[in-house]
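Here's the letter readout for the chains.
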Amino acid sequence: MKKIFGSPSRYVQGMGVLKELSKYTNTLGKKPAIVVDPDIAEDMLKIVSESYSGDETKYYVEILGKNSPRICCEETFNLLRKNATKAECDMYVGIGGGTTLDVAKAAAHFEKAPMISCPTIAATDAPCSALSVVYHPNGVWDYHLFLDKNPNYVLVDEDVIVHAPLRYNLAGIPDALSTYYEAATANAANVDNFLGGKHTVISETIAQLCYDTIYAYGEQAASAFKVHAVTPAVEKVIEASTLLSGVGFESNQSAASHAIQNAMTAIPSSHDFFHGEKVTFGILGQLALEAWDDEEIDKYCKLCIHLGLPVTLAELGMDNLTDDEIMEMAKLACQEGETIHNTVVLVTPRVVFDAIKTADELGKQYKEKYSKII
Ligand SMILES: [Zn+2]
């Protein structure tokens, strides 16, 4: 049986590591194309400029979304490739959230160039994985682009991350938990992982470690994120959300949690919510779909509600959905190729519709029991 485990070549996490960017790009080539989130471009480019001692001829900068949709879509990464080639760049660096990193990874993949991920939030699996999630220019999920390799370096600057808006770092917490819930069911079903092989012992262990770390330190890390503090709990949660989750999901598999989040992207009102926030509800849908026990659902809802994460459709801007619209969502979640089929239970649109309705009701009930503490 072929087993495959993937990971970035090197993962560096610490205070101020973005200032060392030039040291890492110098090991890979001559000139990086740096794509950066527009909201943080000024601050990040100051750090980059410091790293290159003010010599801006040594790198090319593209602000995400300046001349193309601010989305990881073909138009955006093809424009980056064109501009980077014109500027004679030989590697790509992404500085920002999941979208920016996915754009840089996709461009590097097609150009067969090295790539460095510099996440500025601990909210997605994008930094470490060999996958870019591609959307239509209107923001609706399109397909998974599987890349030949994981990033060469992942530079996680803790100082940058704790200064991101709290909501981003909180959204990374359920996304990290989904790594465990989805791996558990996908591995039980013995499906191939994202890398085209079976899971290894270490990938299974990583998923478990991700779960243990988040439940042990998630709440105290959230408090520290709120006041922009770096504590040992924050360091552990950043590692869980970025490295353990990033490596864990692709060397195991995704399942219903992400398929439900993908289906939600077809509903325009959900676009105001982050990936991890939609995954929060997606996990609850998966727990209902697969009949995880009441104790697990209680544990999960308690943490999410304490952190103010959305466990109901209403909290995700979908309070007025009709049953027909929920059925449409269920059908989308069940479309061919979706990860919802990586499970041991029978999946049909009707079953998923019932799970979504039940998850919504569970969320409402647990909101009576627990309240937000962050
Ligand atoms: Zn995710």
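What you see is a predicted model; the values in this text were computed from it and never measured. Here the residue numbers are simple positions, counted from 1 along each chain's written sequence. Per-residue local features are limited, in this predicted model, to residues with pLDDT of at least 70; the limit for side-chain atom pairs, both in listing and counting, is 80 or more; totals at the level of whole chains, interfaces and linings are taken over all residues. Note: side-chain values were computed over all heavy atoms of the structure, leaving out hydrogens and water.

For the protein chain, the helix and strand inventory stands at 13 helices and 8 strands. Here the C-alpha radius of gyration of the protein chain, 20 Å, is about what a compact globule of 374 residues would show, namely 21 Å. Taking the principal axes of its C-alpha atoms as reference, the protein chain extends roughly 55 × 45 × 40 Å. Buried residues are those whose accessible area, probed at 1.4 Å on protein chains only, stays under 20% of the maximum for their type, while exposed residues exceed 50% and partly exposed ones sit between those limits. Counting across all 374 residues of the protein chain, residues that qualify as buried make up 60%. Long-range contacts, defined here as pairs at least 24 residues apart, represent 78% of the contacts in the protein chain between residues at least 6 apart. Only the protein chains shown count as cover for residues, and all accessible areas are computed by the Shrake-Rupley method using a 1.4 Å probe. A total of about 15,000 Å² of accessible surface is found on the protein chain, and carbon and sulfur atoms cover 50% of it. Two residue types count as positive, namely Lys and Arg, and two as negative, namely Asp and Glu; His and chain ends fall outside the count. Charge positions come from single atoms, namely NZ of Lys, CZ of Arg, CG of Asp or CD of Glu. Looking at the protein chain, you have 31 positive and 50 negative side-chain charges, and the mean spots of the two groups are 5 Å apart. Only runs of H or I of at least four residues qualify as helices and only runs of E of at least two qualify as strands under DSSP, and these elements are numbered from the N terminus. C-alpha atoms define the radius of gyration in this analysis, and the globule rule sets the expected value at 2.2 Å times the number of residues to the power 0.38. By definition in these notes, contact holds between two residues if any of their heavy atoms fall within 4.5 Å.

Moving on to the sheet that holds strand 5 (residues 115–119). Here we have 6 strands laid out as an open sheet, ordered 1-8-5-4-2-3, and parallel in their pairing. Looking at strand neighbours, the two that pair on one side only are strand 1 (10–14) and strand 3 (60–63), the edges of this open sheet. Averaged over neighbouring strand pairs, the angle between their axes works out to 15° when direction is ignored. Think of it this way: DSSP has to see at least two bridges between two strands before they count as a pair. Lines fitted to C-alpha atoms define the axes, with helix axes restricted to the stretch in contact, and inter-axis angles between N-to-C directions lie between 0 and 180 degrees.

What follows is about helix 1 (residues 21–28). The α-helix advances 3.6 residues per turn, and as a result positions three or four apart in sequence lie on the same side. Residues of helix 1 that are buried: Leu21, Ser22, Tyr24 and Thr25. Taken around the axis of helix 1, the buried residues stretch over an arc of 160°, which confines them to a single face. In this structure, the buried side of helix 1 is in contact with strand 1, strand 2 (32–36), helix 2 (41–51), strand 4 (91–96), strand 5 and strand 8 (153–157). The directions from the helix axis to the C-beta atoms are what the arc is built from.

Now for the coordination of the zinc ion. Each angle at a metal carrying four tetrahedral donors should ideally be 109.5 degrees, and each at a metal carrying six octahedral donors should ideally be 90 or 180 degrees. Only N, O and S atoms count as donors, using a 2.8 Å limit from the metal and a wider 3.2 Å limit for Na, K and Ca, and since water is excluded some coordination spheres may look unfilled. The zinc ion binds to the protein through Asp175 (OD), Asp175 (OD), His258 (NE2) and His275 (NE2); the donor distances cover 2.0 to 2.7 Å. For the zinc ion, the 4 donor atoms are set out with angles of 51 to 142° between them, so the coordination reads as irregular. Going along the chain, you hit the donors of the zinc ion in the pattern D-x82-H-x16-H. Here His258 is found in helix 9 (residues 256–264), whereas its partner His275 is found in helix 10 (residues 275–289), with 17 residues between them in sequence. Accessibility expressed as a relative area gives 27% for His275, which makes it partly exposed. A four-donor site is called tetrahedral if each angle lies between 85 and 135 degrees; a four-donor site is square planar, and a six-donor site octahedral, when trans pairs exceed 155 degrees and the remaining angles lie between 65 and 115; all other cases are labelled irregular.

For the rest of this paragraph, the subject is the pattern of salt bridges. Any Lys or Arg side-chain nitrogen found within 4 Å of a carboxyl oxygen on Asp or Glu counts as a salt bridge. If you walk through the whole model with that rule in mind, you get 13 salt bridges. One salt bridge in this structure joins Lys369 and Asp298, with 2.5 Å as the shortest N-O distance. Note that Lys369 is positioned in helix 13 (residues 349–369) and Asp298 in helix 11 (residues 294–306), a separation of 71 residues in sequence. Residue Lys369 is classed as exposed on the basis of its relative accessible area of 51%. With a shortest N-O distance of 2.7 Å, Lys357 and Asp323 are connected by a salt bridge. Here Asp323 lies in helix 12 (residues 323–333) and Lys357 lies in helix 13, a separation of 34 residues in the sequence. Residue classification places Lys357 among the partly exposed positions, given a relative accessible area of 34%. A relative accessible area of 39% places Asp323 in the partly exposed class.

The criterion is simple. A nonpolar core is a set of buried Ala, Val, Leu, Ile, Met, Phe, Trp, Tyr and Cys residues joined through side-chain atoms within 4.5 Å. Formed by 72 residues in total, the largest nonpolar core has its most connected members in Leu177, Tyr181, Tyr300, Met329 and Val352. Among the elements that line this core, the one with the most residues is helix 7 (residues 201–226), at 9 residues. Lining this core are residues from two domains, each supplying at least three of them: domain 1 (10–162) and domain 2 (255–374). Contact partners of Leu177, with chain neighbours within four places excluded, come to Tyr211, Ile214, Tyr215, Ile283, Tyr300 and Leu303. Counting residues in hydrophobic clusters, the runner-up holds 21 residues, among them Val35, Ala106, Ala108 and Ala113. Start and end positions for the domains come from either an automated domain assignment or a database one.

Glancing now at the packing of helix 6 (residues 166–188) against helix 7. Axis separation between helix 6 and helix 7 bottoms out at 9 Å; the angle between their running directions is 160°. Regarding the angle of helix 6 to helix 7, the classification is roughly antiparallel. Of the two possible hands of crossing, helix 6 and helix 7 adopt the one that is left-handed. Of helix 7, the residues touching helix 6 (which contributes Leu166, Asn169, Leu170, Ile173, Ala176, Leu177, Thr179, Tyr180, Tyr181, Ala183 and Asn187) are Glu204, Ala207, Gln208, Cys210, Tyr211, Ile214, Tyr215, Gly218, Ala222, Phe225 and Lys226. The class makeup of the residues in the contact of helix 6 with helix 7 is 15 nonpolar, 5 polar and 2 charged. Roughly parallel means an angle under 35 degrees; roughly antiparallel means over 145; roughly perpendicular covers 65 to 115; every other angle is labelled oblique. Throughout, a crossing is termed right-handed when the near helix is turned clockwise from the far one, and left-handed when it is turned anticlockwise from it by less than a right angle. Asp, Glu, Lys and Arg are counted as charged, while Ala, Val, Leu, Ile, Met, Phe, Trp, Tyr, Cys and Pro are counted as nonpolar; the rest, among them Gly, fall into the polar class.

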